[in-house]
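Each chain is listed here by its residues.
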Amino acid sequence: DRDADAAAQFEKASEIWTRALGADHPNVATALYHLGQVELKQGHPSDAAASFQRALDIWQKRLGPDHPSLAAALAGLGDAALARTHAAEALADYQRALAVLEKTFGPDHAALVDPLVSIGTAELALHDPRHAVPPLERAVALATKAGDPVDLAGAQFALARALGGSDPARARTLATAAQQAFAAA
């Protein structure tokens, strides 16, 4: 299985980097981050969370509290929490990821689309579509401005989910646009 092979390779890379450069080197964190992604894909969110946390700890120590790499680890932690149905924990991780990226890139950068969609998704998992709408509206606006059709479709679909109960006509329009963009990608 390719995922198992990938996990083994990232574990091996982490061990090699640890021996060569020390346990707190950013290259070790990068290998751990990628290991966490594979573990999440394999359906092991607790293992993924441990890998993401180790990567986050290393990056914070070595790169500082505002480095964009931290946002990747925080988003991974959020994804792992959401996979374990810990939506409130996921929301906090996504909000921290967004704060790091806003500090790095400003409030109108395309890099904010993913954490904004994740925040909206966590709000939906908390059964609070009213709070999901503002970050998702912002994600759609940023994705529209950036011109990435796949990011835009993801944001539109998430917003459609949030609006389903309050504005079904707009939700249907957004979902249709997202479906068409995904089909064309």
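Structural notes, computed from the coordinates. (Residues numbered from 1 in each chain as written. Predicted model: local features only at pLDDT ≥ 70, side-chain atom pairs only at ≥ 80, totals over all residues. Heavy atoms only, no water.)

## Examining the overall build of the protein chain
Across its full length, the protein chain holds nine helices and zero strands. Each helix (α) and strand (β) of the protein chain, taken in turn from the N terminus, gives the series α-α-α-α-α-α-α-α-α. Its C-alpha atoms give the protein chain a radius of gyration of 17 Å, near enough to 16 Å, the size a compact globule of 185 residues would have. Long-range pairs, those at least 24 residues apart, make up 53% of the contacts in the protein chain with a sequence separation of at least 6. Roughly 9,400 Å² of accessible area belongs to the protein chain as shown, and the carbon and sulfur atoms make up 56% of that amount. Taking the average location of the 16 positive side-chain charges in the protein chain and that of its 22 negative ones, the two points are 2 Å from each other. (Helix = DSSP H or I, 4+ residues; strand = E, 2+ residues; numbered from the N terminus. Rg over C-alpha atoms; globule rule 2.2 N^0.38 Å. Contact = heavy atoms within 4.5 Å. Areas by Shrake-Rupley, 256 points an atom, 1.4 Å probe, with all protein chains shown as cover. Lys, Arg positive; Asp, Glu negative; His and termini not counted. Charge placed at Lys NZ, Arg CZ, Asp CG, Glu CD.)

## Some details on the pattern of salt bridges
By the definition in use, this model includes six salt bridges. The salt bridge involving R84 is made with E89; its shortest N-O contact spans 3.1 Å. For the salt bridge of R138 with E102, the shortest nitrogen-to-oxygen distance reads 2.7 Å. Here E102 lies in helix 5 (residues 87-105) and R138 lies in helix 7 (residues 129-146), a separation of 36 residues in the sequence. Overall, the relative accessible area of 27% leaves R138 in the partly exposed class. For E102, a relative accessible area of 27% puts it in the partly exposed group. Connected via shared salt-bridge partners are D24, K61 and R62. (Salt bridge = Lys/Arg side-chain N within 4 Å of Asp/Glu carboxyl O. Buried < 20%, exposed > 50% of the residue type's maximum accessible area, 1.4 Å probe, protein only.)

## A look at the side chain of E123
Inspection of the secondary structure puts E123 in helix 6 (residues 113-125). Ignoring sequence-local partners within four residues, the contact set of E123 consists of L91, D128, H131 and A132.

## Observations regarding the packing of helix 7 against helix 8 (residues 149-163)
A packed helix pair is summarised by two numbers, namely the angle formed by the two axes and the spacing between the axes. The geometry of helix 7 relative to helix 8 is characterised by a closest axis approach of 9 Å and an angle of 160 degrees between their N-to-C directions. One way to sum up the angle between helix 7 and helix 8 is to call them roughly antiparallel. Every pair of crossing elements has a handedness; the one defined by helix 7 and helix 8 is left-handed. On the side of helix 7, the interface is formed by P129, A132, V133, L136, E137, A139, V140, A143 and T144, while helix 8 contributes D151, L152, A155, Q156, A158, L159, A162 and L163. Looking at the contact of helix 7 with helix 8 residue by residue, the class counts come to 13 nonpolar, two polar and two charged. (Axes fitted to C-alpha atoms, helices over the stretch in contact; angles between N-to-C directions. Parallel < 35°, antiparallel > 145°, perpendicular 65-115°, else oblique. Left-handed = near helix turned anticlockwise from the far one by under 90°. Nonpolar A, V, L, I, M, F, W, Y, C, P; charged D, E, K, R; others polar.)

## What about the side chain of E39?
Along the chain, the position of E39 falls in helix 2 (residues 26-41). R54 provides the closest opposite charge to the buried, salt-bridge-free E39, at an N-O distance of 7.5 Å. Side-chain polar atoms of E39 contact the side chain of S51, separated by 2.8 Å. Beyond its immediate sequence surroundings of up to four residues, E39 is in contact with H44, D47, A48 and S51. (Polar contact = N/O pair within 3.5 Å; in protein donor to acceptor, adjacent residues only side chain to side chain.)

## Re helix 9 (residues 168-184)
The terminal C-alpha atoms of helix 9 lie 24 Å apart, and with 17 residues this matches the ideal 24 Å at 1.5 Å per residue to within 8%. If you check which residues of helix 9 are buried, you get A171, L174, A178 and A181. End-on view of helix 9: buried residues confined to an arc of 100 degrees, all on one side of the axis. Along helix 9, exposed side chains directed more than 90 degrees from the buried face belong to R172, T173, Q180, A183 and A184. In this structure, the buried side of helix 9 is in contact with helix 8. (Expected span 1.5 Å × (residues − 1). Arc of directions from axis to C-beta.)

## Observations regarding a nonpolar patch on the surface
Side chains of V150, F157 and F182 sit close together on the surface and give an oily, nonpolar patch of about 270 Å² of accessible area. Of note, F157 is situated in helix 8. (Patch = residues over 30% accessible without salt bridge, like charges linked within 9 Å, V, L, I, M, F, W, Y side chains within 5 Å.)

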